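Notes for the structure review
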Amino acid sequence: MHNVIRNFKKNKELLFMVLPVTVWLILFSYLPMFGIVIAFKDYKIHKNGFLYSLIYSKWVGLKNFEYLFKTDAWLITRNTILYNIVFIVTGLIFSVTFAILLCEVANRRLAKFYQTTMFLPHFLSWVVVGYFFYGFLSIDKGFFNQILKIMGKEPVLWYSDPSPWPFILIFMNLWKGTGYGSVVYMAAIMGIDKTYYEAAMLDGASKWQQIKHITLPMLKPVMIILTVLALGRIFNSDFGLFYQVPRDSGALYDVTNVIDTFVFRGLRTFSNIGMTAAAGFYQSIMGFLLVLISNYIINKIDSENALF
Amino acid sequence: MTRSEINRFHNDDLRKRRVGGNRFNSLPLGGEICAHLMVGLFSFLCVFPFAFVIIISFTDEKMLVENGYRLFPEKWSLAAYKYIVSSGEQLLQSYFITIFITIVGTLMGVLMMGMFSYAISRSTFRYKNFFTFMAVFTMLFNGGLVPYYMVCTQLLHLRDTIWALILPLCVNAFYIVVLRTFFKTMVPESVIESAKIDGANELRIFFQIAAPIAKPGIVTIALFLTLGYWNDWFQALLFIENNKLYPVQYMLKKLESSIEFIYMYSGYIDPVKRVEIIASLPTEAVRMAMVVLATGPIIFAYPFFQKYYVRGLTVGAVKE
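Residues numbered from 1 in each chain as written. Chains lettered and ligands numbered in written order. Predicted model: local features only at pLDDT ≥ 70, side-chain atom pairs only at ≥ 80, totals over all residues. Heavy atoms only, no water.

**Things to note about the overall build of chain A**
- A count of helices and strands for chain A gives 15 helices and 2 strands.
- Excluding contacts between residues fewer than 6 apart, the proportion of contacts in chain A whose partners are at least 24 apart in sequence is 63%.
- As displayed, chain A offers around 14300 Å² of accessible surface, 68% of which is attributable to carbon and sulfur atoms. (Helix = DSSP H or I, 4+ residues; strand = E, 2+ residues; numbered from the N terminus. Contact = heavy atoms within 4.5 Å. Areas by Shrake-Rupley, 256 points an atom, 1.4 Å probe, with all protein chains shown as cover.)

Below, the structure is given as structure tokens:
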């Protein structure tokens, strides 16, 4: 006991410095973690506040989950996972390709310019991006429907026809993320020892051979790490992309509803808080397990890059 | 990525070097053209939608109604911007909110996370592992949106307050990890020890020695935070009803949905009122002009902070 007090005293300045963030973490991260039991309760909002409501709401066991898995769980899980898999694969291909191309462009000034413009979409909010693409997709005024009209074709009702949306969402994800992704890979390419290329050149290797036998193999560890990390987040999705870009259009829910948007809509309508919380719980637990698994895998491949 | 690779990357400016090291090992002409075409096309696609929105915002309203959005409008007009200048109270108010939360939030976030990261970077801090774990664990697991919402509204009573826009975004475990890496790698332990011997306490060491040395890291995190606040609309979507508290991004989002609302429910509204309501709403060009004005500052500032941003990204990939 005496020791504990002495240690506290010895570290009191540093303890004081960690205090604000600690309080923040408790309020905004750890209390909600305990709030996860809402998923097992028939949560009723009580005027006495959060803790009172949490403690005095009735336990209902797995009822919320039963209800969830009877209704939307399959659809939102399928959408979330399939989109994420496609995003991971296309994102990897695009980021690596553009990183290599940017490094190969002889005019460095132009390359820098390309990089700057490609990175730009990353800095915009999904609301703004939604407006950008509304200019193209608007049903009566949009660019695309005008072109269709000139070609003598029927206009497409973009915000109520689900069939093009998987492609639109995949394109939007690439549009916003490629610049960001290629920056990371460019950093890795810049880190490759130049002498490899010099040696290959002396042996008469063509540029394509150099990329295939030096650049790509050297990038492999980074690619693996980033992919495994992305797999760990396969149950999460970018809320703005799936909610704001399709303008929350009900006709598109079949192809745009993911776990995050499902939880948000449940929360907004307050229709079934228990089931909504169950969906959130399901997402958190699966995400947690996947992060642990991916970290385990990274540890096996290359322990230097593991999270813990 | 190891630290040495990253250092090498930062030491060599992108402009000064290229893979292969010398100009004799460049792409064949066909390949070079091909690379330019691909990268150029993609770069063009990245800025084209913004250019299009700018064009729409300068198009005459009548042309928009008649012809739709065109790349080369028949008639240009400044009317949208004039309208905003003369009656843009909401935009002004939203701008004020956004700037306020961005400044206050960034300062708070940098101060809080700076102190925290400095403390957990100190090898003599007895509880550093505990607090590091406490922060990192939030990256792995979270309670989800519903309990978060309940805590914010029922326990902290943040609904419809400006703090709902500031507090939830000011701390982030990833930023803490990045900052800690900066402190660990840039501030030598010996400097801190000698300051201690001279009688400085930890707070003073942080403010007068550690923070100035690790300034690049702090600038990087300040940029991350600034961007996060400027672009945020989700917190407002969750917690804000009062339009006096709308940040710019959320105001834009609202603008779009209220028009959709009128569009969808126009059958159920009294026709006289409907005309009135539609007339009172910003027109097409004005909406796009507001998008331009909301995005403008980011676009202009961005080439300057891109460098710091990239460094933050790559340092974040370093692990202790």
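On we go.
**Observations regarding the overall build of chain B**
- Within chain B, the regular secondary structure consists of 16 helices and 0 strands.
- Here chain B holds 320 residues, and the buried ones make up 53% of them.
- Accessible surface, chain B: about 15100 Å² in total, of which carbon and sulfur atoms supply 65%. (Buried < 20%, exposed > 50% of the residue type's maximum accessible area, 1.4 Å probe, protein only.)

**Regarding the confidence of the model for chain B**
- Per-residue confidence for chain B gives a mean pLDDT of 83, with 82% of residues at or over 70.
- Contacts from residues 9–23 of chain B, a stretch scored under 50 in pLDDT, to residues over four places away or in other chains number 37 contacts. (pLDDT = per-residue confidence, 0-100.)

**A look at the packing of helix 2 (residues 12–34) of chain A against helix 5 (residues 89–121) of chain B**
- Their axes nearest at 8 Å, the elements helix 2 of chain A and helix 5 of chain B cross at an angle of 125 degrees. Viewed along their axes, helix 2 of chain A and helix 5 of chain B adopt a mutual orientation that is oblique. Relative to helix 5 of chain B, helix 2 of chain A is oriented so that their crossing is left-handed. Between helix 2 of chain A, through Leu 14, Met 17, Val 18, Pro 20, Val 21, Thr 22 and Trp 24 of chain A, and helix 5 of chain B, the contact on the second element is made entirely by Met 112, Met 113, Met 115, Phe 116, Tyr 118 and Ala 119 of chain B.
- For the contact of helix 2 of chain A with helix 5 of chain B, the residue count by class is 12 nonpolar, 1 polar and no charged. (Axes fitted to C-alpha atoms, helices over the stretch in contact; angles between N-to-C directions. Parallel < 35°, antiparallel > 145°, perpendicular 65-115°, else oblique. Left-handed = near helix turned anticlockwise from the far one by under 90°. Nonpolar A, V, L, I, M, F, W, Y, C, P; charged D, E, K, R; others polar.)

**Some remarks on the pattern of salt bridges**
- Going through the model one piece at a time under the given rule, you end up with 9 salt bridges over all chains.
- Two residues, Arg 265 of chain A and Asp 248 of chain A, come together in a salt bridge whose shortest N-O distance is 2.9 Å. On the criterion of sequence distance, the pair formed by Arg 265 of chain A in helix 14 (residues 259–269) and Asp 248 of chain A in the loop between helix 12 (239–243) and helix 13 (253–256) is long-range, its members being 17 residues apart. Accessibility classification places Arg 265 of chain A together with Asp 248 of chain A in one group, the buried group.
- One salt bridge in this structure joins Arg 70 of chain B and Glu 74 of chain B, with 3.8 Å as the shortest N-O distance.
- The exposed category is assigned to Glu 74 of chain B, whose relative accessible area is 59%. (Salt bridge = Lys/Arg side-chain N within 4 Å of Asp/Glu carboxyl O.)

**Notes on the interface of chain B and chain A**
- With 110 residues of chain B in contact, the opposing surface of chain A contributes 111 residues.
- Roughly 10600 Å² is buried in total at the junction of chain B and chain A, and carbon and sulfur atoms are behind 74% of that figure.
- At the boundary of chain B and chain A, one finds 0 salt bridges.
- Connecting chain B to chain A are 22 residue pairs in polar contact (both at pLDDT 80 or more).
- Considered class by class, the residues forming the side of chain B that touches chain A number 71 nonpolar, 23 polar and 16 charged. (Buried area = accessible area lost by both parts, 1.4 Å probe. Polar contact = N/O pair within 3.5 Å; in protein donor to acceptor, adjacent residues only side chain to side chain.)

**Quick look at the packing of helix 2 of chain A against helix 7 (residues 145–155) of chain B**
- Relative orientation of the contacting elements helix 2 of chain A and helix 7 of chain B amounts to 120 degrees, with a least axis distance of 8 Å. Classed by the angle they form, the pair helix 2 of chain A and helix 7 of chain B counts as oblique. Relative to helix 7 of chain B, the crossing made by helix 2 of chain A is right-handed. Facing helix 2 of chain A, whose interface residues are Leu 27, Phe 28, Leu 31 and Pro 32 of chain A, helix 7 of chain B presents Pro 147, Tyr 148, Val 151, Cys 152 and Leu 155 of chain B.
- Its residues assigned to classes, the contact of helix 2 of chain A with helix 7 of chain B shows 9 nonpolar, no polar and no charged.

**Description of the environment of Val 110 of chain B**
Residue and element names in this part refer to chain B.
- Mapped onto the secondary structure, Val 110 falls in helix 5.
- In this structure the C-alpha to C-alpha distance between Val 110 and Ile 218, which are 108 residues apart in sequence, comes to 6.9 Å.
- When residues no more than four places from it in sequence are discounted, the contact partners of Val 110 are Ile 218, Ala 222 and Leu 225.

**A short note on the side chain of Asn 7 of chain A**
- Along the chain, the position of Asn 7 of chain A falls in helix 1 (residues 2–10).
- According to the relative accessible area criterion, Asn 7 of chain A is buried, its value standing at 15%.
- Apart from residues no more than four positions distant in its own chain, Asn 7 of chain A is found in contact with Arg 126 and Tyr 127 of chain B.

**Regarding the nonpolar core**
- Core analysis: the largest hydrophobic core is formed by 190 residues, its most contacted members being Ile 38, Phe 132 and Trp 165 of chain A together with Met 113, Tyr 118, Phe 131 and Phe 183 of chain B.
- No other element matches the 15 residues that helix 16 (residues 284–316) of chain B contributes to this core.
- Each of two domains, domain 1 (2–61) and domain 2 (65–305) of chain A, supplies a minimum of three residues to this core.
- What Ile 38 of chain A contacts, discounting residues up to four positions off in sequence, is Tyr 43, Phe 50, Leu 54, Asn 64, Ile 273, Gly 274 and Ala 277 of chain A together with Val 146, Pro 147 and Met 150 of chain B. (Core = buried A, V, L, I, M, F, W, Y, C linked by side-chain atoms within 4.5 Å. Domains from an automatic or database assignment.)

**Brief notes about helix 6 (residues 108–119) of chain A**
Residues and elements named next belong to chain A.
- Taking 1.5 Å per residue, 12 residues should reach 16 Å; helix 6 reaches 16 Å between its end C-alpha atoms and fits that length.
- Within the sequence span of helix 6, burial applies to Arg 108, Ala 111, Tyr 114, Gln 115, Thr 116, Thr 117, Met 118 and Phe 119.
- Two to three positions downstream of the cap, the backbone nitrogen of Arg 109 sits 3.1 Å from a side-chain oxygen, assigning the N-cap of helix 6 to Asn 107. (Expected span 1.5 Å × (residues − 1).)

**Details of helix 2 of chain A**
- Compared with the 33 Å implied by 1.5 Å per residue over 23 residues, the 28 Å span of helix 2 of chain A between its first and last C-alpha is markedly short.
- At Leu 19 of chain A, helix 2 of chain A is deflected by roughly 40 degrees, the largest bend along its length, and proline Pro 20 of chain A occurs up to four residues later in sequence. (Bend = angle between axes of the 7 residues up to and from the residue.)

**So, the packing of aromatic side chains**
- Within this structure, the stated rule accounts for 59 aromatic pairs over all chains.
- For the ring pair Phe 136 of chain A and Phe 144 of chain A, a centre distance of 5.5 Å and an interplane angle of 50 degrees mean the geometry is tilted.
- A relative accessible area of 34% means that Phe 144 of chain A is categorised as partly exposed.
- Note on Tyr 95 of chain B and Trp 230 of chain B: the rings are 6.0 Å apart at their centroids and 65 degrees apart in plane angle, and the pair reads as edge-to-face. Of this pair, Tyr 95 of chain B sits in helix 5 while Trp 230 of chain B is found in helix 12 (residues 215–230), placing the two residues 135 residues apart along the sequence.
- The class of Tyr 95 of chain B is buried, set by a relative accessible area of 18%.
- Each residue in the set Phe 133, Phe 136, Phe 143, Phe 144, Trp 158, Phe 171 and Trp 175 of chain A together with Phe 44, Phe 48 and Phe 52 of chain B is aromatic and connected to the rest through ring pairs, giving one cluster.
- Sitting over the face of the ring of Trp 59 of chain A, Lys 41 of chain A holds its NZ or CZ atom 4.5 Å from the ring centroid.
- Looking at Arg 247 of chain A, its charged tip hangs above the ring of Tyr 159 of chain A, at a distance of 5.9 Å from the centre. (Phe/Tyr/Trp six-rings, centres within 6.5 Å; stacked < 30°, edge-to-face > 60°. Lys NZ or Arg CZ within 6 Å of the ring centre and 35° of its normal.)

**Here we look at unusual backbone geometry**
- Within the chain, Asp 248 of chain A stands out as a residue other than glycine whose phi angle is a positive 50 degrees.
- For His 157 of chain B, which is not glycine, the phi torsion reads 50 degrees and is therefore positive.
- In this structure, His 157 of chain B sits in the loop between helix 7 and helix 8 (163–166).

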